[in-house]
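If you want the building blocks of each chain, they are given just below.
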Amino acid sequence: MSNIAPLNLHLRTFCPTISVGVLTADWMKLDVDLLQIEQAGVKLLHFDVMDGRFCPMLTLGPPLIKSIKTSLLKDVHLMIEDPLSQLETFVSAGADMITVNVESCRHPHRVLQALGKMTNANVPERGLLRGIALNPGTPLNVVEPLLDETDMVFLLAVNPGWSGQSFVPDAARRIAALLEMSRQRKKDILIGLDGGVTRKNIDEIARMGADVIVTGSAVFDGKAAGENAAFMLKTIAEARKSRL
Ligand code: DX5
Ligand code: ZN
């Protein structure tokens with residue numbers, strides 16, 4: 001019997017937390033910056049995979065995800081057409097968490113079921129964490145029939161495609177509604193929030209009830225990634241204390 005906790009339980013031991021987006025990272029000094037954010041207490045690294053079809057930008061793929069050597073968990077956000085046909089390549093590239101946008105799947109339930117049968121390439125006993133993401137314009141009830149097959153629901157607070165966009169305020173209402181939906185369904189799902197999170201709005205956002213808050217350009221701003229990450233984590237911890 002392995003004493004390694006499944007990923008969703010493992011995440012619960014340090015949530016609420018941030019997942020740092022690498023899209024705006026300086027690749028020429030990523031090793032130094034990764035060390036800084038690890039030392040600041042970051043546990044999750046967010047890879048935005050865009051294929052230039054589901055959204056206009058073309059970003060990164062499995063080879064780059066595999067090449068990044070880090071103790072951080074690899075949180076892979078797939079914004080690609082037909083993700084079902086690509087899941088294996090991202091799992092074998094070392095993704096620990098895979099989130100697909102519901103709008104990109106003809107069969108989202110099948111995609112999540114398929115993910116549920118795959119093995120974590122890094123720590124097989126830990127399993128994979130499955131996530132489903134919704135664009136700001138997608139109604140919440142789309143995820144209701146998927147709650148049995150997912151560990152996390154990610155609400156995008158920006159329209160997918162770029163880092164550095166402004167936060168869509170309606171995300172606050174949607175988090176509250178999602179919390180209510182999971183309570184009614186007695187589903188212990190993790191809630192993620194993705195996009196538009198900065199040093200200015202992190203305090204307000206940390207009080208909305210999300211477990212995983214993605215922040216990219218506000219951490220990798222070309223200056224002190226470690227300091228930015230530490231500030232975000234400290235603000236979340238203080239907001240959490242004030243809610244207890
Ligand atoms: C948007 C992506 C987000 C984005 C976050 O399509 O899913 O993860 O890169 O970047 P910031 O934090 O800069 O909005
Ligand atoms: Zn993302």
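Residues numbered from 1 in each chain as written. Chains lettered and ligands numbered in written order. Predicted model: local features only at pLDDT ≥ 70, side-chain atom pairs only at ≥ 80, totals over all residues. Heavy atoms only, no water.

*Asks:* Explanation requested: the overall build of the chain in the structure shown.
*Replies:* Each helix and strand in the chain was counted, giving 8 helices and 8 strands. The principal-axis extents of the C-alpha atoms in the chain amount to approximately 45 × 40 × 40 Å. Just so you have it, the chain exposes about 11100 Å², and 53% of that area is on carbon and sulfur atoms. (Helix = DSSP H or I, 4+ residues; strand = E, 2+ residues; numbered from the N terminus. Areas by Shrake-Rupley, 256 points an atom, 1.4 Å probe, with all protein chains shown as cover.)

*Asks:* Looking at this structure, how should I read the pairing of strand 1 (residues 17-21)?
*Replies:* It is a general feature of regular strands that their side chains alternate between the two faces of the sheet. The buried count for strand 1 comes to 5 of 5 residues, which makes it a mostly enclosed element. Here strand 1 shows no split at all, with Thr-17, Ser-19 and Gly-21 on one side and Ile-18 and Val-20 on the other all buried. Alignment of strand 1 against strand 2 (residues 44-50), held across 3 bridges, turns out to be parallel. Pairing of Gly-21 across the sheet is with His-46, part of strand 2. The β-α-β motif built from strand 1, the intervening helix 2 (residues 30-39) and the parallel element strand 2 has right-handed crossover chirality. (Buried < 20%, exposed > 50% of the residue type's maximum accessible area, 1.4 Å probe, protein only. Pairing = 2+ DSSP bridges. Right-handed = clockwise from strand over helix to strand, strands pointing away.)

*Asks:* Teacher, can you tell me more about the site of ligand 1 here?
*Replies:* Close contacts around ligand 1 come from 19 residues, with Asp-48, Gly-164, Asp-194, Gly-216 and Ser-217 the closest. The protein chains hide 99% of the 380 Å² of surface that ligand 1 would expose on its own. Contributing elements (two or more residues each) for the shell around ligand 1: strand 2, strand 3 (73-79) and strand 8 (212-215). With 3 residues, the top contributor of residues to the shell around ligand 1 is strand 2. Grouping the constituent residues of the shell around ligand 1 by class yields 7 nonpolar, 10 polar and 2 charged. (Near = heavy atom within 4 Å. Nonpolar A, V, L, I, M, F, W, Y, C, P; charged D, E, K, R; others polar.)

*Asks:* How do you make sense of empty space enclosed by the protein when you look at a structure like this?
*Replies:* Gaps left between atoms show up when a probe the size of a water molecule is rolled over them. Under the criterion given, the structure shown has 2 cavities of 30 Å³ or more. Each pocket or cavity is described by its volume, and for the largest cavity that value is around 40 Å³. Looking at the largest cavity, the residues that line it are Asp-26, Lys-29, Asp-33, Val-219, Phe-220, Asp-221, Gly-222, Lys-223 and Ala-225. Residue classes in the lining of the largest cavity are distributed as 3 nonpolar, 1 polar and 5 charged. Size it by volume and the second largest cavity reaches roughly 30 Å³. Every residue lining the second largest cavity is listed: Pro-136, Leu-156, Val-168, Asp-170, Ala-171 and Arg-174. Grouping the amino acids of the lining of the second largest cavity by side-chain chemistry returns 4 nonpolar, no polar and 2 charged. (1 Å grid on protein atoms, 1.4 Å probe; cavity = no way out; pocket = protein on both sides within 12 Å on 5 of 7 lines; lining within 4 Å. Points joined across faces, edges and corners; volume = space filled by probe spheres on them.)

*Asks:* Honestly, the coordination of the zinc ion (ligand 2) in this entry has me stumped. Any pointers?
*Replies:* Note on the zinc ion (ligand 2): its protein donors are His-46 (NE2), Asp-48 (OD), His-77 (ND1) and Asp-194 (OD). The metal-donor distances range over 2.1 to 2.3 Å. Taken together, the 6 donor atoms surrounding the zinc ion (ligand 2) define angles of 72 to 170 degrees at the centre, an arrangement classified as octahedral. Here the donor residues of the zinc ion (ligand 2) are spaced in sequence according to H-x1-D-x28-H-x116-D. In this pair, His-46 sits in strand 2 while Asp-194 sits in strand 7 (residues 190-194), placing the two residues 148 residues apart along the sequence. (Donors = N, O, S within 2.8 Å, 3.2 Å for Na, K, Ca; no water. Tetrahedral: all angles 85-135°; square planar, octahedral: opposite > 155°, others 65-115°.)

*Asks:* I would appreciate a short explanation of the packing of helix 2 against helix 8 (residues 225-243) in the present structure.
*Replies:* Where helix 2 contacts helix 8, the two axes come as close as 8 Å, and the packing angle between them is 25 degrees. Classified by the angle between their axes, helix 2 and helix 8 sit roughly parallel to one another. Considering how the two elements wind past one another, helix 2 and helix 8 form a crossing that is right-handed. The segment helix 2 lies against helix 8, with Asp-33, Gln-36 and Ile-37 engaging Ala-225, Gly-226 and Ala-229. Taken together, the residues of the contact of helix 2 with helix 8 break down into 3 nonpolar, 2 polar and 1 charged. (Axes fitted to C-alpha atoms, helices over the stretch in contact; angles between N-to-C directions. Parallel < 35°, antiparallel > 145°, perpendicular 65-115°, else oblique. Left-handed = near helix turned anticlockwise from the far one by under 90°. Contact = heavy atoms within 4.5 Å.)

*Asks:* Please explain the pairing of strand 6 (residues 152-156) as it appears in this structure.
*Replies:* The element strand 6 is extensively covered by neighbouring structure, given that 5 of its 5 residues are classed as buried. Side chains of strand 6 alternate between two faces, with Met-152, Phe-154 and Leu-156 and Val-153 and Leu-155 buried alike. Note that strand 5 (residues 129-134) and strand 6 share 4 bridges and pair parallel. Residue Gly-131 lies in a different strand from strand 6, and its bridge partner there is Met-152. Alignment of strand 6 against strand 7, held across 5 bridges, turns out to be parallel. From the neighbouring strand, Met-152 faces strand 7, where its bridge partner is Leu-190. With helix 6 (residues 171-184) bridging strand 6 and its parallel neighbour strand 7, the resulting β-α-β unit is right-handed.

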